[in-house]
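Structural features, examined
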Amino acid sequence: MYGMILVGTAGSGKSLLTNALSGFLRAKDLDVITVNLDPGVIGLPYEPDVDIRNLITVTEIMEKYSLGPNGAMIMASDLLAVKLDEINDEIVQLKPEYVLVDTPGQMELFAFRASGPYVARGLSFEKRLVLYLFDAVFSNEPLNFVSNLFLFAAVYNRFVLPQYPVLSKVDLLPPEEIDKIVLWSEDPGELELAMQSQLTGDARLLSRDLLNAITRLGLYYTLTAVSATTQEGLVDLDAEIQRQFRGGEEID
Ligand code: GTP
């Protein structure tokens, strides 16, 4: 059983990509299930096969513990860990080949609290891959791109699992902008040139130091550009996923 855990900043496209990628893999006759781990989500673009909302809901927590929405979201995210066995039981019963795991909207509630890494490592997969989403719209200028790279590295540091970067929502930018972002991800020298020409002062110095730290750590990978809306790039993403799981070496 191969698990893919989708992580990214709020609104980066995790749910829509879960829908598009599960559809793509099913069209290849692969046995895929989807798991929703966001207890606070109201509407999803897919029908999850396993849904944390059947075990925990934010509204119930708000009522039971007299909490506001943010406090209840934090508590609900922490409770994910307590529900791990039940989630695993539901997944295992379905005997899937592939599992796509959609995580809570606010990434910090999953990645930066204790429960997220515990759950990500504790899901009963033989192999697992974190798909980290870079939202194309927020990655098309050097400062944002470097900040997102830093978040990618911070998430890796939390999970310490094979992690792969995906550029999401590429239909929202012109192709030349997408090519530029992908080039930055291929070649840190290109990103440094863009930083030199577009940034000044502390932003330039800090970005350069962050970039150096990330390249030194070996956490610099070429982005695979996809759109969940137009399906563009899903073939390439699938090829990468298969390479990670079946043939190639895991990135860790
Ligand atoms: P939260 O869990 O709510 O933080 O969001 P998410 O990361 O799951 O993102 P979601 O899939 O809900 O997408 C957020 C918004 O971006 C929605 O309005 C989607 O319709 C839109 N969106 C997601 N992917 C794409 C894409 O590939 N192309 C376009 N044009 N819009 C997209």
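You'll find the structure just up there.
These notes cover the structure that comes with them. Everything quoted here is computed from the prediction, not taken from an experiment.

Near the ligand there are 14 residues, and of these Gly11, Leu16, Asp171, Ala228 and Thr229 occur at the shortest range. The separation between an oxygen atom of the ligand and a polar main-chain atom of Gly13 is 3.0 Å. Ser15 is positioned with one of its side-chain polar atoms (N or O) 2.8 Å from an oxygen atom of the ligand. The class makeup of the residues in the shell around the ligand is 4 nonpolar, 7 polar and 3 charged.

The buried fraction of strand β2 (residues 32-36) is high, at 5 of 5 residues. Side-chain alternation along β2 places Val32, Thr34 and Asn36 on one buried face and Ile33 and Val35 on a second face that is also buried. Summarising the sheet, β2 and strand β3 (residues 50-51) pair through 2 bridges and their orientation is parallel. From the neighbouring strand, Val35 faces β3, where its bridge partner is Val50.

Let's shift gears to the sheet that holds β3. Spatial ordering of the open sheet is given by β3-β2-β4-β1-β5-β6-β7, a layout of 7 strands whose pairing is parallel. Two strands in the sheet have a free side with no partner beyond their single neighbour: β3 and β7 (224-225). Across 7 bridges, strand β1 (residues 2-8) lies against strand β5 (residues 127-135) in parallel orientation. Bridging across to β5, Gly3 finds its partner in Arg128. The strands touched by helix α7 (residues 142-159) within the sheet are β1, β5 and β6 (163-168), with β5 carrying the most contacts at an inclination of about 160 degrees.

As a further point, take the nonpolar core. Ranked by size, the top nonpolar core spans 59 residues in total, and within it Val35, Leu37, Ile91, Phe145, Leu167 and Leu191 carry the most contacts. If one sorts the elements of this core by residue count, α7 sits on top with 8 residues. With residues near it in sequence (within four places) discarded, Ile91 still touches Met1, Ile33, Val35, Val50, Pro96, Val99 and Leu123. Leu6, Leu25, Tyr164 and Leu234 belong to the second-largest nonpolar core, a separate cluster that totals 23 residues.

For the structure shown, the criterion picks out 10 salt bridges. Note that Lys169 is salt-bridged to Asp135, the shortest N-O span being 3.2 Å. Linking Lys169 in the loop between β6 and α8 (175-186) with Asp135 in strand β5, this pair joins segments that are 34 residues apart in sequence. Lys169 gets classed as partly exposed once you look at its relative accessible area, which sits at 24%. Judged by relative accessible area, which is 2%, Asp135 ranks as buried. Of the charged contacts in the structure, one is a salt bridge between Lys180 and Glu177, with a shortest N-O distance of 3.3 Å. Here Lys180 and its partner Glu177 are both found in helix α8, 3 residues apart, which amounts to about one turn of the helix. Overall, Glu177 belongs to the partly exposed group, its relative accessible area being 23%.

Conventions we followed
- Residues numbered from 1 in each chain as written.
- Predicted model: local features only at pLDDT ≥ 70, side-chain atom pairs only at ≥ 80, totals over all residues.
- Heavy atoms only, no water.
- Near = heavy atom within 4 Å.
- Polar contact = N/O pair within 3.5 Å; in protein donor to acceptor, adjacent residues only side chain to side chain.
- Nonpolar A, V, L, I, M, F, W, Y, C, P; charged D, E, K, R; others polar.
- Buried < 20%, exposed > 50% of the residue type's maximum accessible area, 1.4 Å probe, protein only.
- Helix = DSSP H or I, 4+ residues; strand = E, 2+ residues; numbered from the N terminus.
- Pairing = 2+ DSSP bridges.
- Contact = heavy atoms within 4.5 Å.
- Axes fitted to C-alpha atoms, helices over the stretch in contact; angles between N-to-C directions.
- Core = buried A, V, L, I, M, F, W, Y, C linked by side-chain atoms within 4.5 Å.
- Salt bridge = Lys/Arg side-chain N within 4 Å of Asp/Glu carboxyl O.

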